[in-house]
Amino acid sequence: QVRLVESGGGSVQSGESLSLSCEASGFTCEKYVMAWFRQTPGKEREAVAVINYVHHSKYGGSAQGRFTVSLDNDKNTMYLQMATLQPEDTAVYYCAEHNDPILSLIPPRYTFWGRGTQVTVAS
């Protein structure tokens, strides 16, 4: 069974950058999609970025132009490079995976989830 572990969260000032990683293990199929979501208290979980095993990608509206998702297939690790961070980006960031290559921004499409990593951006 797939396990996902996020890391790299922390506290930064407005305008600074931060990189997150998601290490995956236990893959049982070669074709898959991985995604970053984020959530703050009282709000719905929001898609940030999606990438599949052949590196096609899609971004949520809040991330376009500032965030970059990448995937290292050999290391089974997905990354999220976040630039020009703003207080509105403060959230718990989650890694997710599903065993097909469809680039979905909808949380129910994903089968496996990590426990999340906190990102806090001070004003």
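Refer to the structure above for everything that follows.
Residues numbered from 1 in each chain as written. Predicted model: local features only at pLDDT ≥ 70, side-chain atom pairs only at ≥ 80, totals over all residues. Heavy atoms only, no water.

(A) The nonpolar core, seen in detail. If you look at the biggest cluster of nonpolar residues, it comprises 26 residues, and the most contacted ones within it are Met34, Trp36, Met78, Leu80, Met82 and Tyr93. Of all the elements in the fold, those that place two or more residues in this core are β3 (18-25), β4 (33-39), β5 (46-52), β7 (67-72), β8 (77-82), β9 (91-98) and β11 (117-122). For this core, the leading source of residues is β3, giving four residues. Ala35, Phe37, Leu103 and Tyr110 belong to the second-largest nonpolar core, a separate cluster that totals eight residues. (Core = buried A, V, L, I, M, F, W, Y, C linked by side-chain atoms within 4.5 Å. Buried < 20%, exposed > 50% of the residue type's maximum accessible area, 1.4 Å probe, protein only. Helix = DSSP H or I, 4+ residues; strand = E, 2+ residues; numbered from the N terminus.)

(B) Here's a closer look at the pattern of salt bridges. Following the criterion strictly, the structure yields four salt bridges and no others. Of the charged contacts, one joins arginine 38 and glutamate 46 as a salt bridge, the two residues approaching to 3.0 Å between their closest N and O atoms. The buried category is assigned to arginine 38, whose relative accessible area is 7%. The exposure class assigned to glutamate 46 is partly exposed, which follows from its relative accessible area of 29%. Note that aspartate 89 and arginine 38 form a salt bridge whose closest N and O atoms lie 2.9 Å from each other. Here aspartate 89, found in the loop between β8 and β9, pairs with arginine 38, found in strand β4; they are 51 residues apart in sequence, far enough to count as distant. Through salt bridges with shared partners, a single ionic network connects Arg38, Glu46, Arg66 and Asp89. (Salt bridge = Lys/Arg side-chain N within 4 Å of Asp/Glu carboxyl O.)

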